[in-house]
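# A structural walkthrough
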Amino acid sequence: MRFPCRVQARGEVCIVMLSDTEFLRWYQRLGLPERTRALIDQVRSSEPSRNVRSIAGNVIGRFPSRKMGLTIQFESHTGELALIYEYEHDRKGVLEYYDQPPPIKLLYQSINNRHLGVLHTPDFFVIRSDSAGYEECKPEEKLIQLAEKSPNRFVRGEDGEWRCPPGEEFAAKYGLYYRIRSMGSISWTLQRNVVFLDDFLRFDNFLVSEQAQEAVLTLVERERDITLRDLLLRTEGTASADDVFKMIATEEVYVDWSAAPLAEPDLVHIFPNAEIALAYSQIVRTSPVTAVNSVHTVHVRVNSIVKLDNRDWKIINVGETKVGLLATDGEYVGLPCATFDELVKKGEIIGTASEDKDQNGQVRKLLATAMPKDLEIANFRYGCIFPEMRPDGGEEPQMSERTRRRYFADYRSAELLYGCGYVGLLPSRDEDGRGRGNYQPKISEATRALALDFIKNDYETYKQKGKYHSWVMYKNKCDEQSLIACSYKTFIDMVEHRSRYEQTGKRKGRRGAYKFKIAYWSLDRNTPRHGDRPFEIGHIDHTELDVELVCSYTGRNLGRPWLTLLTDANSRRILVVYLTYDPPSRRTCMMVLRDCVRIYGLLPQFVIVDNGPEFRSVYFHHLLSSYERTIKYRPKAEPRFGSVCERLFGTTNTQFIHNLRGNTQIMRNPREATKSVNPKSQAVWTLENLYERLCEYAYEIYDNIDHPALGQTPKDAFDAGMKMTGKRAPAGIPYDEDFIMRTMPSTDKGTAKVQACGGVKINNKYYFADAFRDPDVQNKQVSVRYDPYNAARAFAVVRGQWVKCVSDHRAAFEGRSEREIMLATKELHKRNRLNAQYRFTLTAKMLADFLTSVEVEEGILTQRLKDREARGILAKINGGFGAPKGVADLIPLVEVSRSQSTDTDRSASEANVDAAPEQHALKVYGEY
């Protein structure tokens, strides 16, 4: 299912999908036959043929396409998402693109010459200005493996490009193309910069003042080759970072987006235009000054190459009085040592860069293979020949003069050979870093191969045999083949030198091996793991806290609460804290996003979540797609993708929760928990009080403690990042009635039919408003929302305005949450389940009568107490409590109306609507 992107509500209309007339002209211009038009029409009118899946550690998600006005699925955030960005920002070449088009049939021969017919769903169907066709994205290493298994389906051409002959054959029948896109051909620096500038490319309401524009252009024209950091520093106070990045995005100043990441401003060079940038690059590439005036070390040793009078000379002799030089044409010159030194000082004799590079490489290699003990020995020897360089200043070590001369000779030889005498004092080792001695294996190759075979096929299996049992089987096999078996110790060494991840995977499965998997790093070619700036990547996750709470009214134990955090991956800052008794649900997700917009006026560009059902809900998808935020789902059973949140949960428990009375640490060993120390009897904290303290801890204590991964506090990292990368105010989201309505859930369809008598039916309950009396509205589908914390009311859009609707059983449902009613519904079904002959139909009247009866079960009473406790938190979220200090200047949004109610017993949506009469209508911001 594709979700619409509500771009119109942001003040702009940017959907560029072709109209029917434009598409007809495109058909005619390309001369496509009817069968091709029918196929393309089918692609354009169809939903995705399948939902993307995470089956091999891939990150899936949905991208809100402004070009298409819909969300587009991707099955890899390092492959397909990169292509989506390319399609999205190719304004001339790509007209439309669709994910997961209807499957096509590929006909080809297998590796054993069997005829195969495979239904294949390409990643994208792309409509370009001069063509259209299918595009499939795959990693380079995966293509190599597939080419071995299916050589007739995946073929690498002579130009190095990958092709799919059966796909091309199918597409050619319709005058289309089929293209395989290898991830190896993607410019990751370009992708990183596109992500960085996404807000500036997506929203056109970033306005650069004439003063800021003039300041930036003047400085760039004068300097011609200025770095981004210098530009930001020298225009501070006149032009903001937002102004500079907007001018880069609109190409008012020129930056090669493929050259360096914008998040590293020291490496980014800015020019007035592309022509000047090209001219400077040619000058740097061809300038002879670099070659002539570069100063390289002159190594006075035999076989060194030096330059004299623009000619290369080899030093063939270094005597006490002369240095012998031999030219490439055989000419010999013997220069006195004093003359040679004088020419070196004047710069007439210089070393060569290639020699410097070669010598430095050898020195680094020798130092890299040196063990700590080797460096200790070298330091001792260095102190012996240069006593004044001994760090401890102790007594001179006792040794013979002959040994001292040998150390000095080794030092001088290494200085002549490598240009660094110190490496000559290192103990001798071979290329593998081994010292003296015979390190060759003592067992035969046949014995070693048999041992590896037993390790792979006998030890590394799901039977999980012990090492000794496998070795015994191996030893018996060696006896049968008249081979000398290796010792048990050698066998163990061979086992331990195998990959722990692959070995554990074969013995215990993928989940058992996960802890040995190499951590997910993408600093080399892809977007950095934690983003380039604040609010680029946000993680949402839940955990049940290790503490028991009590009711503030009755003192009754209500159990453990659920904590939900929204964290900023780049700065490690906790953006939102939300606490509730209810397990994770769509209500929790909505409240977290609502609070984020209330505090900061922004939502993260990428929202990283797990695969919980609350994150798969239509409401969550619709809200984020409405505000053009991209959802990414971390792979199943791989918590490291959410390590930012997971680590924060651990920190919160250890630093705060485990120090509270009523914490549940002792329940890890329940046999030790007597009644006197049981957390349920020790509990004293209420939900509201704990929420206040959690906010204080998150927004004041944790926020101002140095983070070990950052070297600074999360608050300082956040502020510095916002200053350097821009506050991006025009991308902000107003915290208004429209946004609050969008954080309320709706029906599965999002609409309901207006019935003349009953009104609209939402969750098996009827809601009515006087606006439904209008004959023009009756029997029409209208957009609806309901309050998950007050089942007595709902909202509907009538003639472009939100109107309040009330339930026909308002007295019974008033103040009752959606979860309480759900529990009551389950209880009613449970009561009538035993009587199979009685056909039970649940109606709103029966439910209302049940809720008001004296037979309400304890679970419903407990839920009512929990809901009452949660009202204080809801009021504080919407009343301004808990905003981090120092973020007031980061809220680029419309202030919440002062006319809203301040009653702390009501949620924000209730305050916005109930402040007016029952027929109060809320203005709709843009078409819904």
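Residues numbered from 1 in each chain as written. Predicted model: local features only at pLDDT ≥ 70, side-chain atom pairs only at ≥ 80, totals over all residues. Heavy atoms only, no water.

## Comments concerning the sheet that holds strand β24 (residues 630-633)
Spatial strand order, β2-β1-β24-β23-β18-β21-β22: 7 strands in an open sheet with mixed pairing. Strands with a single pairing partner mark the edges of an open sheet, and in this sheet they are β2 (70-74) and β22 (574-580). When strand polarity is set aside, the average angle formed by the axes of neighbouring strands in this sheet is 20°. Examined bridge by bridge, strand β23 (residues 606-609) and β24 share 4 bridges and lie parallel to one another. (Pairing = 2+ DSSP bridges. Helix = DSSP H or I, 4+ residues; strand = E, 2+ residues; numbered from the N terminus. Axes fitted to C-alpha atoms, helices over the stretch in contact; angles between N-to-C directions.)

## Concerning a nonpolar patch on the surface
A cluster of nonpolar side chains, namely Ile316, Leu326 and Tyr332, defines an oily patch on the protein surface of about 260 Å² accessible area. Within the secondary structure layout, leucine 326 lies in strand β15 (residues 322-327). (Patch = residues over 30% accessible without salt bridge, like charges linked within 9 Å, V, L, I, M, F, W, Y side chains within 5 Å. Areas by Shrake-Rupley, 256 points an atom, 1.4 Å probe, with all protein chains shown as cover. Salt bridge = Lys/Arg side-chain N within 4 Å of Asp/Glu carboxyl O.)

## Here we look at the pattern of salt bridges
Counted under the stated rule, the structure contains 43 salt bridges. A salt bridge links arginine 202 to aspartate 198; the nearest nitrogen and oxygen atoms lie 3.2 Å apart. Highlighted residues: arginine 202 and aspartate 198, both in helix α7 (residues 198-202), separated by 4 residues, approximately one helical turn. Accessibility assignment for this pair places arginine 202 and aspartate 198 in one class, buried. Among the ionic pairs, aspartate 582 bridges to arginine 587, the shortest N-O distance being 4.0 Å. For the residue pair aspartate 582 and arginine 587, the accessibility class agrees, reading buried in each case. (Buried < 20%, exposed > 50% of the residue type's maximum accessible area, 1.4 Å probe, protein only.)

## Some details on the pairing of strand β29 (residues 793-798)
Counted residue by residue, β29 has 6 buried out of 6 residues, so it is predominantly covered. As judged from the 3 bridges shared by strand β28 (residues 781-786) and β29, these two strands associate in the antiparallel manner. Its bridge partner lying in β29, tyrosine 786 is registered against alanine 794. The loop that links β28 with its antiparallel partner β29 comprises 6 residues.

## A short note on unusual backbone geometry
Residues apart from glycine generally show negative phi values, whereas peptide bonds are mostly found in trans. Phi at arginine 572 is positive, roughly 60°, even though this residue is not glycine. Within the secondary structure, arginine 572 is located in the loop between β21 (562-568) and β22. Overall, arginine 572 belongs to the buried group, its relative accessible area being 13%. If you check the backbone angles, arginine 728 has positive phi at about 55° while not being a glycine. Structurally, arginine 728 can be placed in the loop between α27 (714-725) and α28 (737-742). Among the residues examined, arginine 728 registers a relative accessible area of 2% and is labelled buried.

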